[in-house]
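Descriptive analysis of the structure
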2 protein chains.
Amino acid sequence: MHRPRKEMIAETRAKLIAAARHAFGTTGYAEASMDDFTASAGLTRGALYHHFGDKKGLLQAVIAQIDGEMAARINEVASRAPTRWQHFVDECSTYIEMALEPEIQRIMFRDGPAVLGDPAQWPNASACIVSMTDHLTALQEEGVVVSSLDPETASRLINGASSQAAQRIANSDDPEATSKKVVTAFKQLLEGLLKKPDPQSN
Amino acid sequence: MHRPRKEMIAETRAKLIAAARHAFGTTGYAEASMDDFTASAGLTRGALYHHFGDKKGLLQAVIAQIDGEMAARINEVASRAPTRWQHFVDECSTYIEMALEPEIQRIMFRDGPAVLGDPAQWPNASACIVSMTDHLTALQEEGVVVSSLDPETASRLINGASSQAAQRIANSDDPEATSKKVVTAFKQLLEGLLKKPDPQSN
DNA sequence: CCTATTCACATACGTAACGTATGCCAATTG
DNA sequence: CAATTGGCATACGTTACGTATGTGAATAGG
């Protein structure tokens, strides 16, 4: 056992992040007591302040973790898709699906922005946006998407719409029916990005 | 003086709402101390709890007020516009412009949703959405907009995109340039809603 | 192998803010 | 003019955050 030290530290960090993630995702950031969820991890706030500085710092760490997972899932879906445009649409759909999960919705789309400000300004997060932006750029070069728009800007707008879409489905009485309506409307909006002459996909 | 009573009460409420609105809009909801901003209105938390029940209740009142103002501004712009489609686009632009104001952005798009949940579920707010939805419905009947989508759903999605658009502009180093890019991308998305001349797609 | 130092984490404390319970005074009602 | 309502302030208890300090184990150095 030459490394029990580093391992213990990593484990402590992981436990804190996991406990906080659960608390933030269910109870919500503001209502989550640091005493409570550190205790649920078998620790105290001392460890928390040592590793993350303050409550916000811990939230940042949680967000970074979730963002990494989201990016991984997006990229996995990305790998299989016939056309690049389809690929792009799939990415958006996956994004909406992920946003349906209460934990992601709460932390990434509600409490996160409220506590840390505009997600576009987050240092570590939004790997998904990067991916979407890249694909939009490629689609422009291929002449599939109109060239007049800024890829990252478009990605962010679509992102905002996705988040709304997810919330609408998640809060619906009839998620099935709502999902259909939302996805239809969403894809319709995406059509606006296509160059007119030849809308051949989807 | 048969009404000094009612007037005083209304004035107290108005003062509390105004003070809270300022505090929430600048300091932010979570960081705004009730003791502080009630004192700045020459009152105490006693009045606040009497009229609004709790901090959330006050936030709701503030939101209702802002929402009313936003709806009024939207409707005013609405009154002058050559075509209904242009009217609709103007509405969206106005929405983005309003979202540029820090107070509106902070209260309506960040703290509001974080504290009170999905804006779509707010009882009193979102008069703007109603307006946009109505116009979309009319546009569908006129055959300008594709008939396959649900108007309110579309309005919400556009709303989400608008909020992103505004944040992007507001946080930009170069608001002028960013604004151009964002509005271009935004209008491009809206194009997706239009019925296309050629009958092949959709 | 022994000592010194680092550092991960816990404990203890001060402070600020929220919500409730209570009290008071002015205005309305009869 | 007496009684009562209710608008608002005051006082209090509770909770949660952040800091300052302490401790013990693991590493580093000789």
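Predicted model only: the values in this text are computed from it and were never measured. (Residues numbered from 1 in each chain as written. Chains lettered and ligands numbered in written order. Predicted model: local features only at pLDDT ≥ 70, side-chain atom pairs only at ≥ 80, totals over all residues. Heavy atoms only, no water.)

Brief notes about the overall build of chain A
Short version of the rule: Comment: elements are numbered from the N terminus, with helices defined as DSSP H or I runs of at least four residues and strands as E runs of at least two. Note on classification: 1.4 Å probe, protein chains only; a residue is buried when its accessible area is under 20% of the maximum for its type, exposed when over 50%, partly exposed between these limits. Whether two residues are in contact is decided by their heavy atoms: any pair within 4.5 Å suffices. The Shrake-Rupley method, run with a 1.4 Å probe, gives the accessible areas here. Residue values count only the displayed protein chains as cover. Under the counting rule used here, the positive set is Lys and Arg, the negative set is Asp and Glu, and His together with the chain ends is not counted. Working definition for charges: the position is that of NZ of Lys, CZ of Arg, CG of Asp or CD of Glu.
Helices and strands together make up the secondary structure of chain A, namely 9 helices and 0 strands. With the principal axes as the frame, chain A shows a C-alpha extent of 60 × 45 × 30 Å. Counting the 202 residues in chain A, one finds 51% classified as buried. Summarising the internal contacts of chain A: among those between residues at least 6 apart in sequence, 69% fall at separations of at least 24. Entry remark: accessible area of chain A is about 9500 Å², with carbon and sulfur atoms responsible for 49%. Looking at charge distribution, chain A has the averaged site of its 21 positive side-chain charges lying 4 Å from that of its 26 negative ones.

So, the environment of I63 of chain B
All names here are of chain B. Its place among the elements puts I63 in helix α4 (residues 55–79). Looking at I63, the relative accessible area reads 1%, which means it is buried. Along the sequence, I63 and M108 sit 45 residues apart, while their C-alpha atoms lie 6.7 Å from each other.

A word on the pattern of salt bridges
Stated formally: The term salt bridge refers to a pairing of a side-chain nitrogen on Lys or Arg with a carboxyl oxygen on Asp or Glu at a separation within 4 Å.
Scanning the entire structure with this criterion turns up 18 salt bridges over all chains. Between R21 of chain B and E69 of chain B there is a salt bridge, with the nearest N and O atoms lying 2.8 Å from each other. A residue pair is termed long-range when its members are at least 10 positions apart, and R21 of chain B in helix α1 (residues 4–26) and E69 of chain B in helix α4 qualify at 48 residues. The class of R21 of chain B is buried, set by a relative accessible area of 13%. By sharing partners, the salt bridges in this structure join R21, E69 and E103 of chain A into a single network.

Digging into the protein's contact with DNA strand D
Keep this limit in mind: Here a residue counts as near a molecule or strand whenever at least one of its heavy atoms sits within 4 Å of it. Under this definition, polar contacts are N or O atom pairs within 3.5 Å; protein pairs additionally need one hydrogen-donor-capable and one acceptor-capable atom, and for neighbouring residues in sequence, both atoms have to be side-chain atoms. When residues are sorted by character, Ala, Val, Leu, Ile, Met, Phe, Trp, Tyr, Cys and Pro go into the nonpolar class, Asp, Glu, Lys and Arg into the charged class, and all the rest, Gly among them, into the polar class.
Taken together, 18 residues are adjacent to DNA strand D, and R45 and Y49 of chain A together with T12, H50 and H51 of chain B come closest. Among atoms of DNA strand D positioned within 4 Å of the protein, sugar and phosphate together represent 69%. A distance of 3.3 Å separates a phosphate oxygen of DNA strand D from a polar backbone atom of M34 of chain A. Interatomic distance of 2.4 Å between a side-chain N/O atom of H50 of chain B and a phosphate oxygen of DNA strand D. Counting only elements with at least two residues in the surface near DNA strand D, the list comes to α3 (45–52) of chain A together with α1 and α3 (45–52) of chain B. The dominant element in the surface near DNA strand D, judged by the number of residues it contributes, is α3 of chain B, at 5 residues. For the surface near DNA strand D, the residue count by class is 6 nonpolar, 7 polar and 5 charged.

As for the packing of aromatic side chains
Any two aromatic rings considered together are summarised by their centre-to-centre distance and by the angle between their planes. Here is the rule: Aromatic pairs are defined between Phe, Tyr and Trp rings, using the six-membered ring for Trp, whenever the two ring centres lie within 6.5 Å; interplanar angles under 30 degrees are classed as stacked, those over 60 as edge-to-face, and all others as tilted. To sit over a ring, a charge needs its Lys NZ or Arg CZ within 6 Å of the ring centre and within 35 degrees of the ring normal.
In this structure the tally under the stated criterion is 8 aromatic pairs over all chains. Relative to Y29 of chain A, the ring of F24 of chain A lies with its centre 5.1 Å away and its plane at 55°, an arrangement referred to as tilted. The residues F24 of chain A and Y29 of chain A share a single accessibility class, namely buried. Summarising the aromatic geometry, the rings of W85 of chain B and F88 of chain B are spaced 5.5 Å apart at their centres and angled 35° between planes, so their arrangement reads as tilted. A residue pair is termed a helical-turn pair when its members lie 3 or 4 positions apart in one helix, as W85 of chain B and F88 of chain B do in helix α5 (residues 84–99) at 3 residues. Relative accessible area serves as the criterion here: at 0%, F88 of chain B is assigned to the buried category. Among the aromatic residues, those joined into a ring-pair cluster are F24, Y29 and F37 of chain A. A cation sits over an aromatic face here: K55 of chain A above Y29 of chain A, 4.6 Å from the ring centre.

Concerning the interface of chain A and chain B
By a frequent convention, interface size equals the accessible area lost on bringing the separate parts together. Note the threshold: Buried area is calculated as the accessible area (1.4 Å probe) missing from two parts once they are joined, with the contributions of both summed.
Counting residues at the interface gives 38 residues for chain A and 39 residues for chain B. Counting each side, the surface lost to burial between chain A and chain B is near 3400 Å², with a carbon and sulfur contribution of 58%. Our count for the chain A to chain B interface comes out at 2 salt bridges. Among the salt bridges present, the one from E152 of chain A reaches R168 of chain B, with a minimum N-O distance of 4.0 Å. For the interface between chain A and chain B, the tally reads 6 residue pairs in polar contact (both at pLDDT 80 or more). Among the elements of the structure, α6 (102–116), α8 (151–170) and α9 (175–191) of chain A are those that each provide at least two residues to the side of chain A that touches chain B. No other element matches the 11 residues that α8 of chain A contributes to the side of chain A that touches chain B.

Topic: the side chain of T133 of chain B
All names here are of chain B. Within the secondary structure, T133 sits in helix α7 (residues 127–141). By relative accessible area, which is 13% here, T133 ends up buried. The residues contacting T133, other than those within four sequence positions of it, are P151, E152 and S155.

Describing the UniProt feature "DNA-binding region" (unreviewed entry) in chain A
We count it as follows: UniProt positions are given in the numbering used here, feature names are shortened, and annotations may be inferred rather than shown by experiment.
In the numbering used here, UniProt assigns the feature "DNA-binding region" (unreviewed entry) to residues 33–52 of chain A. Span residues 33–52 of chain A is 75% helix and 0% strand, its end C-alpha atoms 16 Å apart.

A word on the relation of the copies chain A and chain B
Which entries qualify depends on this criterion: Least squares is the method for superposing the copies, and the C-alpha atoms it fits come from residues with pLDDT of at least 70 in both.
When chain A is fitted to chain B, the residual RMSD is 0.0 Å, and the transformation amounts to a turn of 180° plus an axial shift of 0.0 Å. The operation mapping one copy onto its partner corresponds to a two-fold rotation axis. Closest approach to the rotation axis among the C-alpha atoms of chain A is made by G192 of chain A, whose C-alpha sits 1.7 Å away. Both copies contact each other with a shared surface, as 95% of the interface residues of chain A are interface residues in chain B too.

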